[in-house]
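Next come the chains, spelled out residue by residue.
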4 protein chains.
Amino acid sequence: MSMAKHPPELNDLRMSEKARPLLDAVVKHITENVDPITEEYYRLGEGRADRWSHAPGQLELLQTAKDKARANGLWNFFLPNAETGEGLSNLDYAYIAAELGKNPLASETLNCSAPDTGNMEVLERVGTPEQKEKWLKPLLNGEIRSAYAMTEPNVASSDAKNISTSAVLEGDEWVINGEKFYISGAGDPRCKIMITMVKTSPEAETFKQQSQILVPIDAEGVKILGPMRVFGHDDAPHGHMHIKFDNVRVPKENILLGEGRGFEISQLRLGPGRIHHCMRSIGAADKALDMLIDRAISRKAFGKRIVDLGKNMETISRARIDIEAMRMMVLKAARAMDVLGNKEARIWVSAIKAMVPERAAQIIDQAMQVHGAAGLSQWFPLAEMYVGQRTLRFADGPDEVHHNVVARAEVKSYEDSNDRKSRVRTSTGGRMFEGP
Amino acid sequence: MSMAKHPPELNDLRMSEKARPLLDAVVKHITENVDPITEEYYRLGEGRADRWSHAPGQLELLQTAKDKARANGLWNFFLPNAETGEGLSNLDYAYIAAELGKNPLASETLNCSAPDTGNMEVLERVGTPEQKEKWLKPLLNGEIRSAYAMTEPNVASSDAKNISTSAVLEGDEWVINGEKFYISGAGDPRCKIMITMVKTSPEAETFKQQSQILVPIDAEGVKILGPMRVFGHDDAPHGHMHIKFDNVRVPKENILLGEGRGFEISQLRLGPGRIHHCMRSIGAADKALDMLIDRAISRKAFGKRIVDLGKNMETISRARIDIEAMRMMVLKAARAMDVLGNKEARIWVSAIKAMVPERAAQIIDQAMQVHGAAGLSQWFPLAEMYVGQRTLRFADGPDEVHHNVVARAEVKSYEDSNDRKSRVRTSTGGRMFEGP
Amino acid sequence: MSMAKHPPELNDLRMSEKARPLLDAVVKHITENVDPITEEYYRLGEGRADRWSHAPGQLELLQTAKDKARANGLWNFFLPNAETGEGLSNLDYAYIAAELGKNPLASETLNCSAPDTGNMEVLERVGTPEQKEKWLKPLLNGEIRSAYAMTEPNVASSDAKNISTSAVLEGDEWVINGEKFYISGAGDPRCKIMITMVKTSPEAETFKQQSQILVPIDAEGVKILGPMRVFGHDDAPHGHMHIKFDNVRVPKENILLGEGRGFEISQLRLGPGRIHHCMRSIGAADKALDMLIDRAISRKAFGKRIVDLGKNMETISRARIDIEAMRMMVLKAARAMDVLGNKEARIWVSAIKAMVPERAAQIIDQAMQVHGAAGLSQWFPLAEMYVGQRTLRFADGPDEVHHNVVARAEVKSYEDSNDRKSRVRTSTGGRMFEGP
Amino acid sequence: MSMAKHPPELNDLRMSEKARPLLDAVVKHITENVDPITEEYYRLGEGRADRWSHAPGQLELLQTAKDKARANGLWNFFLPNAETGEGLSNLDYAYIAAELGKNPLASETLNCSAPDTGNMEVLERVGTPEQKEKWLKPLLNGEIRSAYAMTEPNVASSDAKNISTSAVLEGDEWVINGEKFYISGAGDPRCKIMITMVKTSPEAETFKQQSQILVPIDAEGVKILGPMRVFGHDDAPHGHMHIKFDNVRVPKENILLGEGRGFEISQLRLGPGRIHHCMRSIGAADKALDMLIDRAISRKAFGKRIVDLGKNMETISRARIDIEAMRMMVLKAARAMDVLGNKEARIWVSAIKAMVPERAAQIIDQAMQVHGAAGLSQWFPLAEMYVGQRTLRFADGPDEVHHNVVARAEVKSYEDSNDRKSRVRTSTGGRMFEGP
């Protein structure tokens, strides 16, 4: 991490006094309003005729919880340091995200599901009054949902400069052609709008070629080719869709911020998304460790509890140590966003994005191993949790890209320092060493 | 490994001269008779009304390939060193298994699918003439299929002594009660018989309490509760079934070898199964490495081919080195079975069982990472392959049990040696060291 | 970690306002008073006739820096939350320890070298007035040094209950017999006193058998058999000595706190020692990473800077991420000692003791690899640094013992919780899972 | 590995019938003639006045064993497939190398120490009659010793093209200037000749710039600046020397094979050296595992033998499995040299060079951990063994270079194959997958 800027308050990772009542209210809301409807919500969905819509009753059930949240003032508080919403700091939000991660409906009842949060954040910061009226308002009201169309199947989109979906201005319209996949949420019938990364200026300098444009999902030429499955799961009706843009036309005004400013908007988007993801990953690892212990103390083999066999105790210790270390790092990254701003904090955010899902997946895998074959089956959520973490290692860029961000910052910080030689020449044993 | 017995020929890992024409014939058979029907076979199955049966035409298609195999003398050659079949050595069979692993229908067209091979081996060796007539004969003819009912949901069955399904002799019948799961192949409508591990003599000494009994799958009281899914997949119609035995009655004569000899039979069963599994795992790792390279040389990011980014070249090298090392170890374990016999060779077999699927899964995972998010999807077989290897880490006992077999043999070998102190006292630097 | 007790302030890891001037003063002292004498100090020592004493001039040089520290009020501030000294919190001390770790003479010039700090802490808390007068006073004045005699060569002393050196009361004297090794600091001619762990009551209940007794190093029967070397290094004149107690007699009053209270004293001793060790380990890892980068950007191979070859960038990123995660964990453990007390905090302390030196050693090893063969040589301090971290994995108990402390607390915390089932039964995907 | 060429006999890893009596004779020789003098040899050396020569009596003692070896026909048999010597195959030699690795004097008594073996091999194959008479003859007689001067301190010599020591032809002499380090064996007073890699044709195409020249160590201008130490050890009197070439002049005829053919000679040199190194590494890992077990079954902690605590059994199993896998790979690499020739086999040789020392070092490290702090000390050879393996990871090129050799061959093999798409398109589950 570029440590050049490290004011002391960066290490104050306490939740703020003012946010604690909110955290309590969220916990109460989940316990009283969300947990009780969760099982029924999924039961209703199970027999539904069309996987790609909700079953009768599902959305109504959800709405009751949403109404209660709104009535209690728990609505749209996700937008960090913003006028809209509670103006929560990223750090405070991280603590709340950990709670949201424990129930899969919780976020939506508070109108803070991905990718809507990121999309609303972008609209709120760079949208025109018209764009806000048309898209941000219904999103803030929880009336519609949205998607973010970035990744493409035909290029290595880990390098965003590769993005090749083109948008050409013809008269008053952008004409868009290309293919995107893994567009999460685009399967939901409530999804109405996609923020779409396109190449508008192939001749411009490298980081000015891309733009972001608002594309209504029902625009002519938007063809949903089908869902991407991960380890066989389609995550319907949310879905991770494969979409073709075939001469899609949208009004000129649908561009965000302006031509060639696509990368600039991506920086804004950093926002709470990755912090939220990583806090949920930690929640998953935590739960897997609980499950590992539960199984390991409940069964015996070779005359001993499984927990007392082989390396299992050390596995537990290493998992706990790493979970706590990851938690502190995620809190610190959130704090860095608050104290240093998104630009400086981006190294910390890449650090946790590269660190957390990989290790969380390992911990879940270890829990599966302790469960025996049953651990892979529908009797336990572990396989599903594993798939979630494995997938996260690609969301918002693969681990390798984030490691590269961290490493480049580290090398640059060293290159820029004035005391390079003194940093490497003296032994901790006190002697001067004279390499060639 | 207990190295006490290591005759020089243990390191002769060549396929025998006499088996090479057979290998060639198998390769030809797969290329000419199996590969061409494979796609259609699965296509036919895709729309079928009942997941738990075959679609019209599927079995007929398979039969054509089976007929050809039989006509060419490629039938039942799996039984190692046996009167029936070709009498292939385990080593020769290992080479063939590597080819069988490349097409999922290949084994069945040669009548050597798991778990039939193990079941036939057991029947051939310890079955009574009546048992052979009734079950072995149709199995050898490929007319029926079979299952092996061992694992139980309610105990840690990694410790086989925990097996608690009871069989009590009442008059001329065994009355069986209990629950089994992960009974592979029991979903296939052609499956007619299960070799079932039961506890017959709870008062006997530890390793004499269990027996193995032939249970027709259509016996009254056999209730198939449903399929176990692994990472969501049910592997229909083969299936890994969850079965309840509810006062199931079978004739007294259905016991194999005799009361209390269940563990003894398990030793026989070692046979080609684990060698076969591990050779297929190596095939999967090999294929994943090909796919990794294919993707890595086909796409560019940040101005370079992906293969030239970051640690990818080292990942390729480590994968190749480990694949070749695993291949030699599996061949050696097969050779050990031939030269030393199953009992002595069992340490080698545990070694490869603990070594191969774990590492194969890692290599597949690395291939997924290089593919980006697409690597997890239905566009590539990698996720499916990963699930296969992950599951194998439990089949025939979890890794931990096999590591324990190897370690106990190793410790015993050291304890039994006469030159213990000389083995540890001299430095390779020549000095004598005098620890306390 | 037992998370039952986790007050919000546990995550406030800022240095206190009041300690910051002290930190500044320490940094200034090291820069102005210690760094300038360091090279000469070691140069003086190099040619000395007797490795086990100081060369003429060495101690005088050190004394000048000690005098300055004392004059500036930087003396004996190590004792956490104590009357004596500055009463620094563990957290504040942790920040200072990171600075002390950068110069090998720094600690001693401030009178806070190991193992004196731990010994002074014990004497200050449980010593009688006579003991304090005789041993604590000269230690606080920096006039003598001390050792802590715990580890024994003939038993697995990772299990402290194994300690077998016996002390038998004969009249007014304890008669001590046994053998100890790795007694750090006992080679220094200024070392006058050893706090010695002995078995006084072999018949008592397990944790009441041991006592700690003050043994003057010049007592008759104390035989220093020689130095223990680590990777060939003897660390003279400090030394890690192998000592025989051959009918050593010390007055009855030399016992600390009373018979059978040896383990109780060990708990007190936790103090700043492990925090200090771990902060220095982090300093070493930090320095190794600087060196890695320095080398990797300075040399070329195959047409590229070494930093741009293979996995080196990812190695850098992973090192930086883990260093920052470890730093947060060490600060948190220090904070836990301040907020929760030593007893509750001991899980956190075991966590960092098991986590930090192992990973620090790996990072140093990676730096060596990037340096090529030169990295192992006398031209760079890396090999020496590696040995230091490798050794730390045994100091104050091997990693395995600390992992066991963490795991036992974790299992107990789970067993004690009231909501066990709810913690493991619901999927993060929202469904209820019904394992057997 | 390029698997294109894999004749069946590559998997016949048996020692040849004809070599077995030789192996027996070598074992007998070590037991009867070398082991009995080993302790005295090192004892004599310990008090010697000059670390960089032998003590009186040492060389005489060695000579008695050398005479016996020669009398028994055990002399110079190292040269694989050569006229001189026994013409041992590399595979047979590998088996013998494993025995040689058990006593540090054994190799020298049979005149097959590194780096003499490689140097003699080169001279035998490419030397002129005059060069052979002057240098090969006394080397084959064991009268002198030699060194190989390759690595340079001022460049990343992992890339041999970086070698910058220059040789310029002036009249009838080469004038050499530059610096080399880690020149093993150059400390021995018997060392008379160095094969030196120099740059003779900086303007030539990349792989024609280097040459190898014979430089007598007593030539004017050869300045031995001092020994390189590894982890503090200087390995005197053998030594790994730092040497300056300051206008060193040698006759024109001292060039080997001709100007610009330095890389060509390096290929020849592959010979038995790396096989030998790796077999010794396996011997070291084997010994470390014996020591681990010896300690783990001899001591108790927490009421159990250490071997029964935590992950120790799994550590033992993984070590044994990997040792056997590495052994098979080294034998296979040796066999590949015999069957395919050095050029084709070089991929296999790089594979074992990258695989074996790294893992051997880990196994030794695990043995140290089980020994507790004593494992790092002079009481056990483990630290010394660790340093040996750690150093080997640089000898003949760092791991990274060898991984790169393997990976490049692997990628090329895939690129060259005709059936690329069929290799990656079908699932092992039988379906065709249609990635974009």
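Basis of the calculations
- Residues numbered from 1 in each chain as written.
- Chains lettered and ligands numbered in written order.
- Predicted model: local features only at pLDDT ≥ 70, side-chain atom pairs only at ≥ 80, totals over all residues.
- Helix = DSSP H or I, 4+ residues; strand = E, 2+ residues; numbered from the N terminus.
- Rg over C-alpha atoms; globule rule 2.2 N^0.38 Å.
- Buried ≥ 20, exposed ≤ 12 C-beta atoms within 10 Å, placed from the backbone.
- Contact = placed C-beta atoms within 7 Å.
- Core = buried A, V, L, I, M, F, W, Y, C linked by C-beta atoms within 7 Å.
- Domains from an automatic or database assignment.
- Nonpolar A, V, L, I, M, F, W, Y, C, P; charged D, E, K, R; others polar.
- Axes fitted to C-alpha atoms, helices over the stretch in contact; angles between N-to-C directions.
- Parallel < 35°, antiparallel > 145°, perpendicular 65-115°, else oblique.
- Least-squares fit on C-alpha atoms with pLDDT ≥ 70 in both.
- Pairing = 2+ DSSP bridges.
- pLDDT = per-residue confidence, 0-100.
- Left-handed = near helix turned anticlockwise from the far one by under 90°.

A look at the overall build of chain A
Working step 1: Of the regular secondary structure elements, chain A holds 13 helices and nine strands.
Working step 2: For chain A, the C-alpha radius of gyration of 23 Å lies close to 22 Å, the compact-globule estimate for 436 residues.
Working step 3: C-alpha extents for chain A along the principal axes are approximately 70 × 65 × 45 Å.
Working step 4: For chain A, buried positions account for 56% of its 436 residues.
Working step 5: By sequence separation, contacts in chain A at least 24 residues apart represent 71% of the contacts at least 6 residues apart.

Some words on the nonpolar core
Working step 1: With 528 residues, the main nonpolar core has V330(A), V330(B), V330(C) and V330(D) as its most contacted residues.
Working step 2: Other than its neighbours up to four places away in sequence, V330(A) contacts A94(A), I275(A), C278(A), M279(A), I282(A), I352(A) and V356(A).

Re unusual backbone geometry
With the exception of glycine, the majority of residues adopt a negative phi angle, and the majority of peptide bonds are in the trans configuration.
Residue and element names in this part refer to chain B.
Working step 1: In this chain, A236 is followed by P237 through a cis amide linkage whose omega measures 0°.
Working step 2: Mapped onto the elements of the fold, P237 is located in the loop between β6 (222–227) and β7 (240–251).
Working step 3: The phi dihedral of Y182 is positive, around 60°, even though this residue is not glycine.
Working step 4: Tracing the sequence through the fold places Y182 in strand β3 (residues 173–184).
Working step 5: Given 27 C-beta atoms within a 10 Å radius, Y182 is considered buried.
Working step 6: Here L257, not a glycine, exhibits a phi torsion of approximately 70°, which is positive.
Working step 7: Secondary-structure assignment places L257 in the loop between β7 and α7 (262–269).

Overview of the domain arrangement of chain A
Residues and elements named next belong to chain A.
Working step 1: Assigned domains within chain A: domain 1 (8–140), domain 2 (146–261) and domain 3 (267–417).
Working step 2: Counting residues per element, the ones that place at least two in the side of domain 1 that touches domain 2 are α5 (116–126) and α6 (129–140).
Working step 3: Top element by residues in the side of domain 1 that touches domain 2 is α5. It accounts for five residues.
Working step 4: For the side of domain 1 that touches domain 2, the per-class residue count stands at six nonpolar, six polar and three charged.

Structural notes on the packing of helix α3 (residues 90–100) of chain A against helix α9 (residues 312–340) of chain A
Residues and elements named next belong to chain A.
Working step 1: At a minimum axis distance of 7 Å, the contact between α3 and α9 shows a crossing angle of 150°. The angle between the axes of α3 and α9 places the two elements in the roughly antiparallel class. In contact with N90, L91 and A94 of α3, α9 contributes V330, L331, A334, R335, M337 and D338.
Working step 2: Across the contact of α3 with α9, the residue classes tally to six nonpolar, one polar and two charged.

Notes on the relation of the copies chain B and chain C
Working step 1: You can overlay chain B on chain C at an RMSD of 0.1 Å; the transform is a turn of 180° with a shift of 0.0 Å along its axis. Both copies are brought into coincidence by an operation consistent with a two-fold rotation axis. For chain B, the minimum C-alpha distance to the rotation axis belongs to K311(B) and amounts to 2.1 Å.

Focus on the pairing of strand β1 (residues 145–149) of chain B
It is a general feature of regular strands that their side chains alternate between the two faces of the sheet.
All names here are of chain B.
Working step 1: Where burial is concerned, most of β1 is hidden: five out of the five residues are buried.
Working step 2: On β1, burial covers both faces: R145, A147 and A149 on one face and S146 and Y148 on the other are all buried.
Working step 3: As paired strands, β1 and strand β4 (residues 191–199) are joined by five bridges and run parallel to one another. Within β4, the position partnered with Y148 by the bridge is I195.

Quick notes on α3(A)
Residue and element names in this part refer to chain A.
Working step 1: With respect to burial, α3 is a largely interior element, ten of its eleven residues being buried.
Working step 2: Residues of α3 that are buried include every one of N90, L91, D92, Y93, A94, Y95, I96, A97, A98 and L100, and no others.
Working step 3: On its buried side, α3 packs onto α1 (20–46), α4 (106–109), α8 (273–298) and α9.

Some thoughts on the interface of chain B and chain C
Working step 1: The interface is formed by seven residues belonging to chain B together with seven residues belonging to chain C.
Working step 2: Across the side of chain B that touches chain C, the residue classes break down as three nonpolar, two polar and two charged.

What about helix α5 (residues 116–126) of chain D?
Residues and elements named next belong to chain D.
Working step 1: Of all eleven residues that make up α5, eight are buried, and the element is covered over most of its length.
Working step 2: Taken together, the buried positions of α5 are D116, T117, G118, N119, M120, E121, V122 and L123.
Working step 3: Considering only its buried residues, α5 is in contact with α6 (129–140), β1 (145–149), β4 (191–199), α7 (262–269) and α8 (273–298).

A closer look at the pairing of strand β5 (residues 210–216) of chain B
Residue and element names in this part refer to chain B.
Working step 1: Of all seven residues that make up β5, six are buried, and the element is covered over most of its length.
Working step 2: In terms of strand pairing, β4 meets β5 through seven bridges, oriented antiparallel. Within the sheet, the bridge partner assigned to M194 lies in β5 and is V215.

Topic: the confidence of the model for chain A
A low pLDDT means the predicted coordinates there should not be read in detail.
Residues and elements named next belong to chain A.
Working step 1: Confidence in the prediction for chain A averages 91 pLDDT; 92% of positions are at 70 or higher.
Working step 2: Of all secondary-structure elements in chain A, the lowest mean pLDDT belongs to helix α13 (residues 420–425), at 58, while strand β4 (residues 191–199) reaches the highest, 98.
Working step 3: Low pLDDT, under 50, characterises residues 428–436; the predicted model gives this stretch 27 contacts beyond four residues in sequence or across chains.

Quick word on the environment of P272(D)
Working step 1: With respect to the helices and strands, the residue P272(D) is situated in the loop between α7 and α8.
Working step 2: With 19 residues separating them in the primary sequence, P272(D) and M291(D) have C-alpha atoms 29 Å apart.

Details of the environment of N141(C)
Working step 1: Examined against the element boundaries, N141(C) turns out to sit in the loop between α6 (129–140) and β1 (145–149).
Working step 2: Spatially, the C-alpha atoms of N141(C) and C112(C) are 11 Å apart, while their sequence positions differ by 29 residues.

Considerations on the packing of helix α8 (residues 273–298) of chain B against helix α11 (residues 382–392) of chain B
Residue and element names in this part refer to chain B.
Working step 1: Where α8 meets α11, the axes come as close as 11 Å, and the angle between the chain directions of the two elements is 150°. Regarding the angle of α8 to α11, the classification is roughly antiparallel. Here the hand of the crossing between α8 and α11 comes out left-handed. Taken together, the residues of α11 that come into contact with α8 (itself represented by H277, S281, A284, A288 and M291) are L382, M385, G388, Q389 and L392.
Working step 2: Partitioning the contact of α8 with α11 into residue classes produces six nonpolar, four polar and no charged.

Comments concerning the environment of V250(C)
All names here are of chain C.
Working step 1: Looking at where V250 falls in the secondary structure, it is placed in strand β7 (residues 240–251).
Working step 2: Once the C-alpha coordinates of V250 and A219 are considered, the two residues, 31 residues apart in sequence, prove to be 7.6 Å apart.
Working step 3: When near neighbours in sequence (up to four residues on either side) are disregarded, V250 contacts E173, W174, I213, L214, V215 and A219.

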